[in-house]
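Each chain, written out:
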Amino acid sequence: MKDEYDFSAGKRGAVAPNKGKTRITIMLDDAVIEAARTAAEAEGFGYQTVINNTLRHALLDGARQLDRSDDSGLSGQFKKGITATDLKSLERKLSAAIGEIRRVLEPDVKP
């Protein structure tokens, strides 16, 4: 080990930047996190990846439904923003997804 190191050319920040991802803090129900961890363990992914994929699918499905009901040409992006109704719909879809995860992982347990 050297007595001194030269960090004059060093840069602040993450060593390996995650392009296309942003670190956030979010509060989730314990049941959501537990279901995601259980699914992640079964699938061999991290639980954050499971949550991200679940949200991505829910948002894309929501965008497809909006595209079918509105000819404004959203093309997979939310130009008008997300309304409270959209959020409630996403919440219902996430709850359904968690129920499905539990049903698959715990077939003997009745909902």
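Computed from a predicted model, the values in this text were never measured in an experiment.

Hey, could you run me through the overall build of the protein in this one?
Helix and strand counts for the protein come out as 3 helices and 0 strands. The secondary structure elements of the protein, listed N-terminal to C-terminal, are α-α-α. When contacts within the protein are restricted to residue pairs at least 6 apart in sequence, long-range pairs at least 24 apart make up 41% of them. Accessible surface computed for the protein: about 10000 Å², of which carbon and sulfur atoms make up 53%.

Help me out: how do you make sense of helix α3 (residues 84-105) in this one?
Every α-helix winds through 3.6 residues per turn, so residues three or four apart in the chain are directed the same way. In this model α3 runs 31 Å from its N-terminal to its C-terminal C-alpha over 22 residues, within 8% of the 32 Å that 1.5 Å per residue would give. Listed as buried for α3 are S89, L90 and I98.

How do you make sense of the confidence of the model for the protein when you look at a structure like this?
Note: predicted coordinates in regions of low pLDDT should not be interpreted at a detailed level. When pLDDT is averaged along the protein, the result is 78, and 75% of the positions lie at 70 or above. Taking the mean pLDDT of every element in the protein, the minimum, 79, falls on α3 and the maximum, 90, on helix α1 (residues 30-43). Contacts of residues 71-79 to residues separated by more than four positions or lying in other chains number 12 contacts, the stretch itself having pLDDT below 50.

It is not clear to me how the environment of R37 should be interpreted in this structure. Could you clarify?
Position of R37 among the secondary structure elements: in helix α1. You can call R37 partly exposed: its relative accessible area is 42%. Note: C-alpha distance between R37 and V50 (13 residues apart in sequence) is 8.0 Å.

Sorry if this is basic, but what is going on with the packing of α1 against α3 here?
Working note: a packed helix pair is described by the angle between its axes plus the distance between those axes. Two elements in contact, α1 and α3, have axes whose closest approach is 10 Å; the angle formed by their N-to-C orientations is 50°. As summarised for this structure, α1 and α3 are arranged oblique, according to the angle between their axes. The two elements α1 and α3 cross, and the hand of that crossing is left-handed. Residues A31, V32, A35, T38, A39 and A42 of α1 lie in contact with α3, whose contacting residues are I98, I101, R102 and L105.

Is there a simple way to think about the packing of aromatic side chains in this case?
Across all of its chains, the model carries 1 aromatic pair by this definition. Seen in terms of ring centroids, Y5 and F7 are 6.3 Å apart; in terms of plane orientation they differ by 35°. Their pairing is tilted. The class of F7 is exposed, set by a relative accessible area of 67%. Above the ring of Y47, the side-chain terminus of R37 is found at 4.5 Å from the ring centroid.

What counts as what
- Residues numbered from 1 in each chain as written.
- Predicted model: local features only at pLDDT ≥ 70, side-chain atom pairs only at ≥ 80, totals over all residues.
- Heavy atoms only, no water.
- Helix = DSSP H or I, 4+ residues; strand = E, 2+ residues; numbered from the N terminus.
- Contact = heavy atoms within 4.5 Å.
- Areas by Shrake-Rupley, 256 points an atom, 1.4 Å probe, with all protein chains shown as cover.
- Expected span 1.5 Å × (residues − 1).
- Buried < 20%, exposed > 50% of the residue type's maximum accessible area, 1.4 Å probe, protein only.
- pLDDT = per-residue confidence, 0-100.
- Axes fitted to C-alpha atoms, helices over the stretch in contact; angles between N-to-C directions.
- Parallel < 35°, antiparallel > 145°, perpendicular 65-115°, else oblique.
- Left-handed = near helix turned anticlockwise from the far one by under 90°.
- Phe/Tyr/Trp six-rings, centres within 6.5 Å; stacked < 30°, edge-to-face > 60°.
- Lys NZ or Arg CZ within 6 Å of the ring centre and 35° of its normal.

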